[in-house]
Amino acid sequence: PSANIGVVGLAVMGSNLARNLASREGNTVAIFNRSSDKTEHLVQAHPEAEFVPAFSYEDFADSLHKPRTAIIMVKAGKGTDAVIDALVNVFEPGDIIVDGGNALFTDTIRREKAVRETGINFVGAGISGGEEGALLGPSIMPGGSDESWVTLGPILKSIAAIAEGEPCVTHVGHDGAGHFVKMVHNGIEYADMQLIAEAYDLIRRGTGRTPAEIADVFAEWNTGELESYLIEITAEVLRQTDAATGLPLVDVILDQAGAKGTGAWTVQTALDLGVPVSGIAEAVFARSLSSHPEQRAVSRELPGPSASSGTEFGVTAQDAETFIEDVRLALYASKIVAYSQGFDEIRAGAAQYGWTIDLGAIAKIWRGGCIIRAQFLNRISDAYAQTPDLPVLLTAPYFVEALGRAQDSWRRIVSTAAAAGIPAPAFSSSLSYYDGLRAERLPAALVQGQRDFFGAHTYKRIDKEGTFHTLWSGDRTEIEAEDTH
Ligand code: 6PG
């Protein structure tokens, strides 16, 4: 056997990952695809790559030296289970099966448990960076056993993106930890994209600037604290002209955003964990709202802000610069909230599933290769380096300063949007989250009172230990009660 690593599934992501692997010193790559034409095509198209093509699972296993290591790159779902079963049949104890797709982490936990019974290692690895990342260097989030990491670590380090001299891969934690972290990465990706979209909408409707002019604004932002891949590609998209109509491309794209599910998973999981990822949730819901044309069609005549309320939107040319700077700061503050919420979910997930996850290391491996790569992630890893058990990321000194600097602008933008009738769900919910955290007292006290009134759900007091209930339908005196939560 001559190959040290194999790839199963040769659609674009799999082919690119196989080519990336083959391009690195020391790797020889076995490749297999269910239909052989893809395998043949990849070998023919890339004579420079050291591929060992296989046309059956037996050949594939024979071409790998031990411990055999294979990365599955097929569409997440039933197909993954079928490939795992086939590999388990031809692999031996100590070998390693890696699922590089966007699997749901609970599936990964289930698969890891089942595969482990055969003595084979199963690793769920999140891979981010799209097609280009797979080819040139993705950010990789592997879970699985410590044993598998010994063999897999050097291979994954050889193909990962490099950020400030460090490969963007770390052993995230056991079993489903890698896919969990990749899921939250995608949730943050949704929030980041929605926030950028809201910023664009406000600037466009507020100042009347064209998409190409707004592209310049984003390009400018990309030289400062907002520097990131998503800001960079936003400028590119806004600058694009449609060849058929001569219009800005963004004006001819149907305004209904798709989703393949990882954002929704992030929110569903957060609901189960009781983690308030409100910014991420708004981003997922904003895509759902956009994708209901029938509801939007019947709602178009709903009353908007009346002209007489003096809230007609429009920023004068002189004020445009100030307004755009306000939008930039609102975006930055909301972005800090989205990341803080995402890291909160990872912290809670780790506690729930018994993973030891180094949050600072996660920030570091997201600095390169992945869709949410950004300058800003250095600040997050600094924050965790200083205080590893930081309960709320946005209370780290750097973020406190940034939020202090941004908050007046943030408030102006959220109120301007509300008064003008422009939806800014992610901006506004992020601000509400921020103010909720800051609040000395929350109206949750009243909610507890209501719960106690109709359901005797009890409450705690600020001034003494114990659990209490007011006899609402009796004489309204208070009694000590059993804690029912
Ligand atoms: C990445 C991306 C990628 C993901 C899409 C899905 O990290 O490279 O997250 O894995 O497939 O971005 O997003 P949609 O749900 O928007 O299709």
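Here is what the cut-offs are and how they apply
Residues numbered from 1 in each chain as written. Predicted model: local features only at pLDDT ≥ 70, side-chain atom pairs only at ≥ 80, totals over all residues. Heavy atoms only, no water. Helix = DSSP H or I, 4+ residues; strand = E, 2+ residues; numbered from the N terminus. Rg over C-alpha atoms; globule rule 2.2 N^0.38 Å. Buried < 20%, exposed > 50% of the residue type's maximum accessible area, 1.4 Å probe, protein only. Areas by Shrake-Rupley, 256 points an atom, 1.4 Å probe, with all protein chains shown as cover. Lys, Arg positive; Asp, Glu negative; His and termini not counted. Charge placed at Lys NZ, Arg CZ, Asp CG, Glu CD. Pairing = 2+ DSSP bridges. Axes fitted to C-alpha atoms, helices over the stretch in contact; angles between N-to-C directions. pLDDT = per-residue confidence, 0-100. Salt bridge = Lys/Arg side-chain N within 4 Å of Asp/Glu carboxyl O. Near = heavy atom within 4 Å. Polar contact = N/O pair within 3.5 Å; in protein donor to acceptor, adjacent residues only side chain to side chain. Patch = residues over 30% accessible without salt bridge, like charges linked within 9 Å, V, L, I, M, F, W, Y side chains within 5 Å. Core = buried A, V, L, I, M, F, W, Y, C linked by side-chain atoms within 4.5 Å. Contact = heavy atoms within 4.5 Å.

## Quick look at the overall build of the chain
Inference 1: Along its length, the chain carries 20 helices and eleven strands.
Inference 2: For a compact globule of 485 residues, the expected C-alpha radius of gyration is about 23 Å, and the chain comes in at 26 Å, within 12% of that figure.
Inference 3: Per-residue burial for the chain yields a buried fraction of 49% across its 485 residues.
Inference 4: As presented, the chain carries roughly 22800 Å² of accessible surface, and 53% of it is formed by carbon and sulfur atoms.
Inference 5: Taken as two groups, the 39 positive and 63 negative side-chain charges of the chain have centres that lie 2 Å from each other.

## Quick notes on the sheet that holds strand S2 (residues 29-32)
Inference 1: Sheet architecture is open: seven strands sit in the order S3-S2-S1-S4-S5-S6-S7, paired in mixed fashion. Only two strands of the sheet have a single partner each, and these edge strands are strand S3 (51-53) and strand S7 (139-142). Put simply, the sheet's adjacent strands are angled 25° from each other on average, direction ignored.
Inference 2: In terms of strand pairing, S2 meets S3 through three bridges, oriented parallel.

## Overview of the confidence of the model for the chain
Inference 1: Per-chain confidence: the chain averages 96 in pLDDT, with 99% of residues scoring 70 or above.
Inference 2: Taken together, the chains of this predicted complex give a pTM of 0.96 and an interface ipTM of 0.96.

## Observations concerning the pattern of salt bridges
Inference 1: Applying the stated criterion across every chain, the model contains 28 salt bridges.
Inference 2: Glu225 is the partner of Arg328 in a salt bridge, and the nearest nitrogen-oxygen pair spans 2.9 Å. Here Arg328, found in helix H15 (residues 317-353), pairs with Glu225, found in the loop between helix H9 (211-221) and helix H10 (229-239); they are 103 residues apart in sequence, far enough to count as distant.
Inference 3: For Arg328, a relative accessible area of 15% corresponds to the buried category.
Inference 4: In this structure, the salt-bridge partner of Arg411 is Asp435, at a minimum N-O distance of 2.7 Å. Taken together, the positions of Arg411 in helix H18 (residues 397-420) and Asp435 in helix H19 (residues 425-438) put the pair 24 residues apart, joining distant regions of the chain.
Inference 5: A relative accessible area of 22% places Asp435 in the partly exposed class.

## Quick look at the site of the ligand
Inference 1: Residues in contact with the ligand amount to 13 residues; listed here are only the nearest, Ser128, Glu189, Tyr190, Lys260 and Arg287.
Inference 2: In this structure, an oxygen atom belonging to the ligand sits 2.9 Å away from a main-chain N or O atom of Gly129.
Inference 3: Interatomic distance of 2.7 Å between a side-chain N/O atom of Glu189 and an oxygen atom of the ligand.
Inference 4: For the ligand, whose unbound accessible area comes to 410 Å², protein coverage reaches 79%.
Inference 5: Among the elements that line the shell around the ligand, the one with the most residues is helix H8 (residues 177-207), at five residues.

## Some remarks on a nonpolar patch on the surface
Inference 1: On the surface, a cluster of nonpolar side chains totalling about 240 Å² of accessible area is made up of Leu247, Val252 and Ile253.
Inference 2: Turning to its location among the elements, Leu247 is positioned in the loop between H10 and helix H11 (249-252).

## Description of the side chain of Arg287
Inference 1: Position of Arg287 relative to the elements: it lies in helix H13 (residues 278-290).
Inference 2: Among buried charged residues, Arg287 stands out as having no salt bridge; its nearest opposite-charge side chain is Glu189, 5.4 Å away.

## A word on the nonpolar core
Inference 1: If you look at the biggest cluster of nonpolar residues, it comprises 92 residues, and the most contacted ones within it are Phe218, Trp221, Phe343, Ile357, Trp366, Ile380 and Phe427.
Inference 2: Counting residues per element, this core draws most heavily on H15, at 16 residues.
Inference 3: The residues contacting Trp366, other than those within four sequence positions of it, are Ser139, Met141, Val181, His185, Ile188, Phe343, Ile346, Ile372, Arg373, Ala374 and Leu377.
Inference 4: Listed in part, the 27 residues of the second largest apolar core include Val7, Ile31, Ala49 and Phe51.

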